[in-house]
Amino acid sequence: MEHAPRRWRQAPVPLLLALTGALVLAGCQGTGSTTSTPDSSSVSASTSVRSVVIIGDSLSTGFGTSAENAWPNLIAMAPGDDSMQLNLLNAAQNGSGYLNVGVTGSTFALQVEQALTPDADLVVFFGSINDLHQDPTELAAAVGRTYAAARERAPRSAFLVVGPPAYSTRPEARFLALRDAVKQEAQAAGAMYVDPIERGWVVADAERFVGPDGLHPSVEGHRHLREKMEALILGALKGQPDVAAR
């Protein structure tokens, strides 16, 4: 993607936070939300109801489009597996990271504290580019603490960790250092780790998948993420390999 228009390349985190703050002041929704709670009357005896908690940033809130278009809501509203009903709680908050404090005062650790309960079947961590300028050593420690806190609150839950996606085929060194810190701690915590950079999730078709601000998913981008994330979530819940999400 070396010849892609400049706006599709990775923008610095200050721009992400500036855009986040500006749009929140303009009235954009800045919080995550609870999305699907199954109606017991509509769930058959053969359908398994599974609880999923999403921990993340503005890539999971629908920022720049709407909460209705966000990939977690798309999964909850129309699950692709009739054998499994998802009770999905989207705790993601704009601007949040493992260390970075979001526009609502949230970090991933605070989301864990506020949203995660012992009955969760799966905890999904997605991101966060907002930690791009944090010290790698301090970041790794914060990531490890976040996973340890999640394990304490939900000891039987499976963990799915998705690193931050990139908008260039050649991400800068500090971006890769961020990715590597998350990966190292995820593997140490026994989580299933997925690297969107290695898999080329966004750069596969950035002009369709990234919105006008050059940072957040477009409506089509959230549909793309829905396809990837749903396959990963269902695979993690079933204890199966994640081949379908590649």
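Up top is the structure these notes are about.
Criteria and thresholds
- Residues numbered from 1 in each chain as written.
- Predicted model: local features only at pLDDT ≥ 70, side-chain atom pairs only at ≥ 80, totals over all residues.
- Heavy atoms only, no water.
- Helix = DSSP H or I, 4+ residues; strand = E, 2+ residues; numbered from the N terminus.
- Buried < 20%, exposed > 50% of the residue type's maximum accessible area, 1.4 Å probe, protein only.
- Contact = heavy atoms within 4.5 Å.
- Areas by Shrake-Rupley, 256 points an atom, 1.4 Å probe, with all protein chains shown as cover.
- Salt bridge = Lys/Arg side-chain N within 4 Å of Asp/Glu carboxyl O.
- Phe/Tyr/Trp six-rings, centres within 6.5 Å; stacked < 30°, edge-to-face > 60°.
- Lys NZ or Arg CZ within 6 Å of the ring centre and 35° of its normal.
- Pairing = 2+ DSSP bridges.
- Core = buried A, V, L, I, M, F, W, Y, C linked by side-chain atoms within 4.5 Å.

When you look at the overall build of the protein in this model, what are you seeing that I'm missing?
Check the secondary structure of the protein and you find 8 helices and 6 strands. The order of helices and strands in the protein, counted from the N terminus, is α-β-β-α-β-α-β-α-β-α-β-α-α-α. Residues classed as buried in the protein amount to 54% of the 246 residues present. Across the protein, the fraction of contacts at a sequence separation of at least 24, relative to all contacts at a separation of at least 6, is 78%. If you sum the accessible surface of the protein, you get close to 10,600 Å²; carbon and sulfur atoms cover 51% of it.

What exactly am I supposed to notice about the pattern of salt bridges here?
Where charged atoms from two side chains of opposite charge come close, those side chains can pair. A full pass over the atoms with the stated rule returns 9 salt bridges. Here Arg156 ties to Asp121 by a salt bridge, and the two come within 3.0 Å at their closest N and O atoms. On the criterion of sequence distance, the pair formed by Arg156 in the loop between helix 4 (136-153) and strand 5 (158-162) and Asp121 in the loop between helix 3 (108-115) and strand 4 (122-126) is long-range, its members being 35 residues apart. According to the relative accessible area criterion, Asp121 is buried, its value standing at 13%. When the shortest N-O distance is used, the salt bridge between Asp180 and Arg179 registers 2.6 Å. Taking the relative accessible area as the measure of exposure, Asp180 reaches 38% and is therefore partly exposed.

Would you mind showing me how to read the packing of aromatic side chains here?
We describe a pair of aromatic rings using the distance from one ring centre to the other and the angle between the two ring planes. Under the counting rule described, the total for this entry stands at 5 aromatic pairs. Seen in terms of ring centroids, Tyr98 and Tyr147 are 5.8 Å apart; in terms of plane orientation they differ by 90°. Their pairing is edge-to-face. Separated by 49 residues along the polypeptide, Tyr98 in the loop between strand 3 (84-90) and helix 3 and Tyr147 in helix 4 bring together distant segments of the chain. Judged by its relative accessible area of 3%, Tyr98 falls in the buried class. Here the aromatic rings of Phe125 and Phe159 are separated by 5.8 Å at their centres, their planes lie at 70°, and the arrangement is edge-to-face. With Phe125 in strand 4 and Phe159 in strand 5, this pair connects stretches of sequence that are 34 residues apart. Overall, Phe125 belongs to the buried group, its relative accessible area being 0%. The buried category is assigned to Phe159, whose relative accessible area is 4%. Above the face of the Phe159 ring, Arg151 is positioned so that its terminal group lies 3.9 Å from the ring centre.

Honestly, the environment of Leu59 in this entry has me stumped. Any pointers?
With respect to the secondary-structure elements, Leu59 resides in the loop between strand 2 (48-56) and helix 2 (71-77). Overall, the relative accessible area of 7% leaves Leu59 in the buried class. Residues Leu59 and Gly95, spaced 36 residues apart in sequence, show a C-alpha to C-alpha distance of 9.4 Å. The contacts of Leu59, once residues within four sequence positions are left out, are Trp71, Pro165, Tyr167, Leu215, His216, Pro217, His222 and Leu225.

Would you explain the pairing of strand 2 in this entry?
If a strand is regular, its side chains alternate between the two faces of the sheet. Note that strand 2 and strand 3 share 7 bridges and pair parallel. Across the sheet, Val52 pairs through a bridge with Leu88, a residue of strand 3. Bridging between strand 2 and strand 4 involves 5 bridges; their strand directions are parallel. Pairing of Val53 across the sheet is with Val123, part of strand 4.

Would you mind going over the nonpolar core with me for this structure?
Nonpolar side chains in soluble globular proteins tend to end up buried together. Residues Ile55, Tyr98, Leu116, Phe125, Tyr147, Val161 and Val182 are the most contacted members of the largest nonpolar core, which totals 30 residues. When residues of this core are traced back to their parent elements, those giving at least two are strand 2, helix 3, strand 4, helix 4, strand 5 and helix 5 (173-188). If sequence neighbours within four positions are ignored, Val161 has contacts with Tyr98, Phe125, Tyr147, Val182, Ala186, Ala191, Met192, Tyr193 and Val194. Membership of the second largest hydrophobic core comes to 27 residues, among which are Ile75, Leu86, Phe126 and Val162.

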